[in-house]
Amino acid sequence: MKNDERHTNLTMGILAHVDAGKTTLSEAVLFLTGAIRKMGRVDHKDAFLDNIQVERARGITVFSKEARFVLGADGDDIEDKAGVKEVTLLDTPGHADFSAEMERTLQVLDYAVLVVSGTDGVQAHTGTLWKLLAGYGTPVFVFVNKMDRPGTDRKTVMTELVSAFGDGFVEADATGSLNEDEAAMASEKLMEEYLRDECISDMSIADAVEERQLFPVYFGSALKNEGVKEFLDGLERYTKPKKYDTEFSARVYKISRDKQGNRLTHMKITGGSLRSKMILNCEGKEEKAEQIRLYSSDSFTMVSEARAGNVCAVTGLTTTYPGQGLGSEAAGSSRKTVLMPAITSRIIPSAGTDPVLFLPKLRQLEEEDPTLHVIWNENLQEIHVQVMGELEQEILRTQIKERFDEEIEFGQGSIIYKETIKEPVIGIGHYEPLRHYAEAQLLMEPLPEGSGLVFDSICSEDSLERNWQRLIMTHLEERTHTGVLTGSEITDMKISILAGRAHLKHTEGGDFRQATYRAIRQGLRKARCGLLEPFYTFTLKVPQESTGRALSDMQRLGASCGLPEIDQELNMVVITGEGPVSTLRDYQREVSSYTRGEGRFEAALCGFRPCHNEDEVVAVKGYRPEEDTENPTGSVFCAHGAAIYVDWQQVDGMAHVDSGYIIENGRCIRRSERSGDSGSMQTGAGDGGRDDGRGQLSAAGEKELQAIFERTYGKSKRDEALRREALSKGTKRRPGDGIESFPQPNWRHERSKNQPFLVIDGYNVIFAWDELKELAAVNLDSAREAFLDILGNYQGYKKMGMVVVFDGYKVAGNPGTKVDYGEIKVVYTKEAETADRFIEKTIYEMGRKYDVAVVTSDRPVQMAALGDGARRMSAREFYAEVTGVSEEIRARLAAYKNRQEKNRPFEGKLKI
């Protein structure tokens, strides 16, 4: 097939429940359009599209295949004929175990052909396919196959279609044309046209098909080529050419390897064109498209260019993956896979095979089928994979033998569970070992079943800069997060960035990764969690005399079902419903036994539902979240210059940031919206408690900080000494009195006979004052000098001792420096010594000689100061203090000038 720009390129998928005759219809279509010379048959093991040995041996389609045919050529040379529709047909697996392979093709389809068995009607997997097609917005043609079999009835099938999927199904007549009376009912536009013109144009019907308002239905027998020509005529009449942009874009839907082992990236060109040797940007990595192949079954034609609408396979790309967008599609993401595996199994390689060396081979297969989700358990040195069912296991075993010449066995399979939450919760993660800093706060909210994980941000960029929020978002999306009930994957929740904090000097690349992961786990530990298990939607057909047994089994197995429907002609009862995979996965064997082979049980995965025996499963799993060292629930804080691990229950009280949000009555609200709340909000780490509105630490904040300190570190050594001194002087202490019972003097006045002394965290204050922060962004040395000038005025006025400490720990070989700046002692810490650590040491050494106060917005340093009996002031409070002193100085100078002015001679004033 040539790449002629005068022709329309369409991509059409063919889908069906297993054994509906999907591959047979594909053979008939290819034969009648001249794409193949002879029709193959599945039972003869010579079908054109089932070209892999395992497919021919089992008579099922396992992997999606491409074939190409032409509509509208009528035997003419298509090179000389315009308006021809060149169709790429994607034949997909019909068995439920290979549904993920089928689903990956949906994102590149222009149209779908849904094949329904005339003898079986709408089956369990048919419903799954319809929901997927509706989700992707794919226009659908229906072909009802096997109408040559006894007992088939058009009216019955049409009724089933409408009953199962709604209106819009219109039957075609013997010529392939649609019944216009029925077509007019599909939309108001068609009705208006029909009433006006007494007919409906093919183009109008094509519009309705494209908009999924109308679904043409054709009846026939693919095996006998009955009704297939009429079906092809309908495809030609009621399909429309697609419009594409001129800029290159493509969507990857599959990865495979050819017989020589070359990696193939199967994609649809969705804009512009792709040329051989063209450089593609694959998410930041530039790669060259070496060859462009147009496949038809296992043969291909190499072309130099693939245009918009073409489906092709490209060699030379090493990092592509199914669902990836290229070119202008790179910004958009494909839908997440809906059909996910339900069973996880251990792969046991043959004796003598090192599982570590075997793992890369399985990674190749995972590239081609991402739902395998190959998991390596380092502790047990085991490989686990996820599969849809037993048939997929058998095919995987055969595939590994054929490709890698390795024999494998599967261990006992277990059900894949997932976890979610039942009500909103705020999770906090903090990561602050030495020289690192990050805090993330996340709002986690439950979503409806099947929603997956949704990520968002409601955090202001004034609170946390955009680049840090993007980093948190990346860490939310980059991995599978585990729950706390069984350690299973979490799902069906919205996770929003609520608040966070970074440190200008100390925040490193991986700090927010740790904070984000810990925030999720801490939130899960606080939340009411629920366990989810995979469910089947099923159709059970048994003889009427077995109805009682079947209904009893459904109740026993935890399944729900509707009223049985009786087929009098076949003496069969049809029961449909949903139930847990854990109880129903082997039920077909029971059905065969008690019906002596007459009964049939067909099931397809329909999603995850609340687990019917959650307590039992959780007990059997025995998962202990606190013992999962790879997924910690607590956080890491810094105290006394060292990292400490804080249990998840205490993290809320230790957090440095107050988001201003709370959870109340199952809702996340601002604290100011809380009924009866005064609207006061906890400040961040820089304030060490609650602000009274004037930049001062309120009594409640002091008590809160004191309580946090005592819970974590015990009583303050210095305050204990003061307590003993007070008691020795006769001060009585009532039972239950805490340290806060003693007077808490203002730091600006002498607390004792000792001289007041300030210890200032230099860089912490500089970057908390807006003016200095702006100057520091231009020149840090200038900002430091300006800060010391301000302090010089302040110190000269207050007449107090002062030491300002600046970090120098990242400067290689730095021995540390101490200099005098007027009356101020300035310290630059040595390599590997932080300002925090020096301040803590200084407080401890000077606490007995001086009335020490610490100026910092670093909460751990504040708490360390509290432990040594020093007083605390945040950078913002200090700014207010310094500003007040400056105003006082100016006021005194103004008053002095006024006095001088009054004392001058009168004539002096006249001269002025």
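Bear in mind the structure is a predicted one, so any value in this text is a computation, not a measurement.

(A) Inspection of the overall build of the chain at higher detail. In terms of helices and strands, the chain carries 27 helices and 43 strands. Scored against the burial criterion, the 912 residues of the chain give a buried share of 52%. Contacts in the chain between residues far apart in sequence, at least 24 positions, make up 70% of those at least 6 positions apart. Taken as a whole, the chain presents about 42600 Å² of accessible surface, with 48% of it coming from carbon and sulfur.

(B) How the structure looks around the nonpolar core. Ile495, Leu524, Leu540, Leu584 and Tyr587 are the most contacted members of the largest nonpolar core, which totals 68 residues. At six residues, the largest contribution of residues to this core is made by strand S29 (residues 529-543). When neighbours within four sequence positions are excluded, Leu584 is seen to be in contact with Tyr536, Phe538, Met554, Leu557, Ala559, Gly579 and Phe601. By size, the runner-up hydrophobic cluster in this structure holds 40 residues, among which are Leu49, Val209, Leu214 and Tyr218.

(C) Quick look at the packing of aromatic side chains. Scanning all chains against the criterion turns up 21 aromatic pairs. Look at Trp468 and Phe512: their rings are 5.3 Å apart centre to centre, the planes differ by 35°, and that puts the pair in the tilted class. On the criterion of sequence distance, the pair formed by Trp468 in helix H12 (residues 466-477) and Phe512 in helix H13 (residues 511-526) is long-range, its members being 44 residues apart. We note that Trp468, like Phe512, is buried. Relative to Tyr850, the ring of Phe757 has its centre 5.0 Å away and its plane inclined at 45°; by these criteria the two rings are tilted. Of this pair, Phe757 sits in strand S38 (residues 755-761) while Tyr850 sits in strand S42 (residues 850-855); the two residues are 93 residues apart in sequence, bridging distant segments of the chain. Given a relative accessible area of 9%, Phe757 falls into the buried group. Of the aromatic side chains, those joined through ring pairs into one cluster are Trp769, Phe787, Tyr794, Phe878 and Tyr879. Sitting over the face of the ring of Trp130, Arg212 holds its NZ or CZ atom 5.2 Å from the ring centroid. The cationic tip of Arg479 hangs over the ring face of Tyr517; the distance from NZ or CZ to the ring centre is 4.3 Å.

(D) Looking closely at helix H14 (residues 547-556). Every buried residue belonging to H14 is among Thr547, Ala550, Asp553 and Met554, and all of these are buried. Viewed along the axis of H14, the buried residues span an arc of 130°, placing them on a single side of the element. Exposed residues on H14 whose side chains face more than 90 degrees from its buried face are Gly548, Gln555 and Arg556. Taken together, the buried residues of H14 touch S29, strand S30 (560-561), strand S32 (572-580), helix H15 (581-584) and helix H16 (587-594). Of the residues one or two after H14, Gly558 is the one with positive phi, at around 75°.

(E) Structural detail: the environment of Val108. Relative to the assigned elements, Val108 resides in the loop between helix H3 (99-106) and strand S4 (111-117). Taking relative accessible area as the criterion, Val108 reaches 2% and is therefore assigned buried. When near neighbours in sequence (up to four residues on either side) are disregarded, Val108 contacts Thr11, Leu90, Arg251, Tyr253 and Lys268.

(F) Quick peek at the packing of helix H22 (residues 770-778) against helix H23 (residues 780-798). Contact geometry of H22 with H23 gives a least axis separation of 6 Å together with a crossing angle of 145°. Mapping the contact onto sequence places Leu772, Leu775, Ala776 and Val778 in H22 and Leu780, Ser782, Ala783, Ala786 and Phe787 in H23. The class makeup of the residues in the contact of H22 with H23 is eight nonpolar, one polar and no charged.

(G) Summary view of the environment of Gly137. Mapped onto the elements of the fold, Gly137 is located in the loop between helix H4 (124-136) and strand S5 (140-145). With a relative accessible area of 40%, Gly137 lands in the partly exposed category. Measuring from C-alpha to C-alpha, the distance between Gly137 and Glu210 comes to 9.1 Å, with 73 residues separating the pair along the chain.

(H) Main features of the environment of Glu236. With respect to the secondary-structure elements, Glu236 resides in helix H9 (residues 228-238). Between the C-alpha atom of Glu236 and that of Leu71, which follows or precedes it by 165 residues, the distance is 6.0 Å.

(I) Expanded view of the sheet that holds strand S39 (residues 801-806). One open sheet accounts for six strands, arranged S40-S41-S39-S38-S42-S43; its pairing is mixed. Both outer strands of the open sheet, strand S40 (817-821) and strand S43 (871-873), are each paired with one neighbouring strand and no more. Across the sheet, the axes of successive neighbouring strands diverge by a mean angle of 20°, strand direction being ignored. Here S42 pairs with S43 via three bridges, running parallel. Counterpart to Val854 in the pairing with S43 is Arg872. Across the sheet, H23 lies against S38, S39, S40 and strand S41 (824-828), angled at about 165° from S39, the strand it touches most. The strands touched by helix H24 (residues 835-846) within the sheet are S38, S39, S40, S41 and S42, with S38 carrying the most contacts at an inclination of about 170°.

(J) How the structure looks around empty space enclosed by the protein. Scanning the entire structure with this criterion turns up eight cavities of 30 Å³ or more. There is about 100 Å³ of room inside the largest cavity. Forming the walls of the largest cavity are 13 residues, and the residues nearest its centre are Glu432, Arg435, His506, Cys638 and Asp836. In terms of residue class, the lining of the largest cavity is made up of four nonpolar, five polar and four charged.

(K) Summary view of the side chain of Arg104. Mapped onto the secondary structure, Arg104 falls in helix H3. Judged by its relative accessible area of 6%, Arg104 is buried. Side-chain polar atoms of Arg104 contact the side chain of Asp369, separated by 3.3 Å. Not counting residues up to four positions away in its chain, the partners in contact with Arg104 are Tyr253, Pro322, Glu368, Asp369, Pro370 and Thr371.

(L) The arrangement of the pattern of salt bridges in detail. Taken as a whole and assessed by the stated rule, the structure comprises 53 salt bridges. Ionic pairing is found between Lys825 and Asp820, a salt bridge with its closest N-O pair at 3.1 Å. The structure contains a network of salt bridges with shared partners spanning Lys189, Asp207, Glu210, Lys240 and Lys242.

(M) Representation of helix H10 (residues 355-368) in the model. Compared with an ideal rise of 1.5 Å per residue, which puts 14 residues at 20 Å, H10 spans 20 Å between its outermost C-alpha atoms and is within 8% of the ideal. One side-chain oxygen of the residue at the start of H10 lies 2.9 Å from the amide nitrogen of Val356, identifying that residue as Asp354.

(N) Region of interest: the pairing of strand S2 (residues 65-71). With seven of seven residues buried, S2 lies mostly within the body of the structure. Direction of pairing for S2 relative to strand S3 (residues 85-91): antiparallel, over a ladder of seven bridges. The residue bridging Lys65 from the neighbouring strand is Asp91, located in S3.

(O) Looking closely at unusual backbone geometry. In the Ramachandran plot, Asp405 falls in the positive-phi region, its phi being about 55° despite a non-glycine side chain. One non-glycine residue with positive phi stands out, namely Arg435, at about 70°.

(P) A look at the sheet that holds S2. With mixed pairing, seven strands are arranged side by side in an open sheet as S2-S3-S1-S4-S5-S7-S6. Of all strands in the sheet, those bounded by a partner on one side alone are S2 and strand S6 (169-171). Shown here is a sheet whose adjacent strand axes are inclined to one another by a mean of 25°, direction ignored. Two elements, S5 and strand S7 (residues 215-219), share three bridges in a ladder whose sense is parallel. From the neighbouring strand, Val144 faces S7, where its bridge partner is Phe219.

(Q) Highlighting the confidence of the model for the chain. Mean pLDDT over the chain works out to 82, with 85% of the residues at or above the 70 mark. Between residues 729-753, whose pLDDT stays under 50, and residues either more than four places distant or in other chains, the model counts 37 contacts. Below pLDDT 50 for its whole length, residues 905-912 participates in four contacts with residues either more than four positions away or in separate chains.

(R) A look at the packing of H14 against H16. For the pair H14 and H16, interaxial distance at closest approach is 12 Å and the crossing angle is 155°. It follows that H14 is roughly antiparallel to H16 by the angle criterion. Crossing of H14 over H16 shows right-handed handedness. Residue-level contacts link Arg549, Ala550, Asp553, Met554 and Arg556 of H14 to Tyr587, Glu590 and Tyr594 of H16. Split into classes, the residues belonging to the contact of H14 with H16 amount to four nonpolar, no polar and four charged.

Thresholds applied
- Throughout, residues of each chain are indexed from 1 in the direction in which the sequence is written.
- Selection of residues for local features in this predicted model requires a pLDDT of at least 70, selection of side-chain atom pairs for listing and counting requires 80 or more, and totals for whole chains, interfaces and linings are taken over all residues.
- Processing note: side-chain calculations cover all non-hydrogen atoms of the structure and skip hydrogens and water entirely.
- Secondary structure is summarised from DSSP: a helix means a run of H or I of at least four residues, a strand means a run of E of at least two, and numbering begins at the N terminus for each.
- Exposure classes here rest on a 1.4 Å probe applied to the protein chains alone. A residue is buried below 20% of its type maximum, exposed above 50%, and partly exposed in between.
- Contact criterion: two residues are considered in contact whenever any of their non-hydrogen atoms come within 4.5 Å of each other.
- Accessible surface area values rest on a Shrake-Rupley calculation with a 1.4 Å probe, where residue burial reflects the displayed protein chains alone.
- Think of a nonpolar core as a cluster: buried Ala, Val, Leu, Ile, Met, Phe, Trp, Tyr and Cys residues, connected wherever their side-chain atoms sit within 4.5 Å.
- By convention, a stacked pair of Phe, Tyr or Trp rings (six-membered ring in the case of Trp) has centres within 6.5 Å and planes under 30 degrees apart, an edge-to-face pair has planes over 60 apart, and any other such pair is tilted.
- Lysine and arginine charges are scored as sitting over a ring when NZ or CZ, respectively, is within 6 Å of the ring centre and within 35 degrees of the ring normal.
- Read the arc as the range of directions from the helix axis to the C-beta atoms.
- The angle between two axes is taken between their N-to-C directions and runs from 0 to 180 degrees, where each axis is a line fitted to C-alpha atoms and a helix contributes only its stretch in contact.
- When residue character is reported, Ala, Val, Leu, Ile, Met, Phe, Trp, Tyr, Cys and Pro are called nonpolar, Asp, Glu, Lys and Arg charged, and the others, Gly included, polar.
- Here the rule is simple: two strands pair whenever DSSP picks up at least two bridges between them.
- Cavities and pockets are defined on a 1 Å grid built over the protein atoms alone: a cavity is a set of grid points where a 1.4 Å probe fits but cannot escape, while a pocket is an open set with protein on both sides within 12 Å along at least five of seven lines, and lining residues are those with an atom within 4 Å of any such point.
- Grid points are joined across faces, edges and corners, and a volume is the space filled by probe spheres set on the points.
- The definition of a polar contact used here is a pair of N or O atoms within 3.5 Å, where within protein one atom must be able to donate a hydrogen and the other to accept one, and adjacent residues in sequence count solely through side-chain atom pairs.
- What makes a salt bridge here is a side-chain nitrogen of Lys or Arg within 4 Å of a carboxyl oxygen of Asp or Glu, nothing more.
- Here, expected helix span is obtained from the residue count minus one, scaled by 1.5 Å.
- Residue-level confidence of the predictor, termed pLDDT, takes values from 0 up to 100.
- Geometric relationships in this document are graded by angle, where less than 35 degrees denotes roughly parallel, more than 145 denotes roughly antiparallel, 65 to 115 denotes roughly perpendicular, and other angles denote oblique.
- Each crossing gets its handedness from the near helix: less than a right angle anticlockwise from the far helix is left-handed, clockwise is right-handed.

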